[in-house]
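# Tertiary structure, described
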Amino acid sequence: MILHGDFPDELIVHNINKIVDRIQQQSPTTELVLQSLLPVNPTMGKLSSHMQHAGRIPGLNCMLKGIAKTKGAHYLDLYSQFVDSDGYLRKNLTWDGVHLTEEGYKIWVKMLKYTYFF
């Protein structure tokens, strides 16, 4: 999980930029797809240490989208398809508020396939 620990958002973005730069330098024909972070759901009552970072996710997603635009990579907005009206990960797509169910992964795969491969 990208938000595991107390790393500042700026450091996360800096490191993602470095990773993108390295891939583009070493494999210039590779098409990169930066994917948004998924929402979490604190109402599930599990994995409370992950829930403290929920408020950071939308801002980090904006930064990821900016990196993609600046670096000429694709950006896949998973967040908007997984979030409910309260701003939480949809309950039917998670069993603990963080990790996806099989249905959640099917949606993810479908989004990748139909957005970039068909």
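Just above, that's the structure.
Residues numbered from 1 in each chain as written. Predicted model: local features only at pLDDT ≥ 70, side-chain atom pairs only at ≥ 80, totals over all residues. Heavy atoms only, no water.

Before going further, it helps to spend a moment on the packing of aromatic side chains. Ring pairs (aromatic) are described by centroid distance and by the angle formed between their planes. Following the criterion strictly, the structure yields 1 aromatic pair and no others. Residues Tyr 105 and Trp 108 carry aromatic rings whose centres are separated by 6.0 Å and whose planes lie at 5 degrees to one another, so their mutual orientation is stacked. Highlighted residues: Tyr 105 and Trp 108, both in helix α5 (residues 102–117), separated by 3 residues, approximately one helical turn. We classify Tyr 105 as partly exposed; its relative accessible area is 43%. (Phe/Tyr/Trp six-rings, centres within 6.5 Å; stacked < 30°, edge-to-face > 60°. Helix = DSSP H or I, 4+ residues; strand = E, 2+ residues; numbered from the N terminus. Buried < 20%, exposed > 50% of the residue type's maximum accessible area, 1.4 Å probe, protein only.)

Let us now look at the nonpolar core. Ranked by size, the top nonpolar core spans 17 residues in total, and within it Ile 16, Val 20, Leu 34, Leu 64 and Ile 67 carry the most contacts. Broken down by secondary-structure element, the contributors of at least two residues to this core are α1 (9–26) and α3 (57–71). In terms of nonpolar packing, the next biggest core, distinct from the first, is built from 9 residues, Leu 38, Phe 82, Leu 93 and Ile 107 among them. (Core = buried A, V, L, I, M, F, W, Y, C linked by side-chain atoms within 4.5 Å.)

In this section: the pattern of salt bridges. According to the stated counting rule, one finds 3 salt bridges in the structure shown. One salt bridge connects Asp 21 with Lys 71, and the closest N-O pair in it is separated by 2.6 Å. With Asp 21 in helix α1 and Lys 71 in helix α3, this residue pair connects regions lying 50 residues apart in the sequence. Judged by relative accessible area, which is 28%, Asp 21 ranks as partly exposed. (Salt bridge = Lys/Arg side-chain N within 4 Å of Asp/Glu carboxyl O.)

The terminal C-alpha atoms of α3 lie 21 Å apart, and with 15 residues this matches the ideal 21 Å at 1.5 Å per residue to within 8%. Taken residue by residue, α3 has Ile 57, Leu 60, Asn 61, Leu 64, Ile 67 and Ala 68 as its buried positions. What you see down the axis of α3 is that its buried residues fit within an arc of 115 degrees, all on one side. Facing away from the buried side of α3 by more than 90 degrees, the exposed set consists of Cys 62, Lys 65, Lys 69 and Thr 70. Positive backbone phi, at 75 degrees, marks Gly 72, one or two positions downstream of α3. (Expected span 1.5 Å × (residues − 1). Arc of directions from axis to C-beta.)

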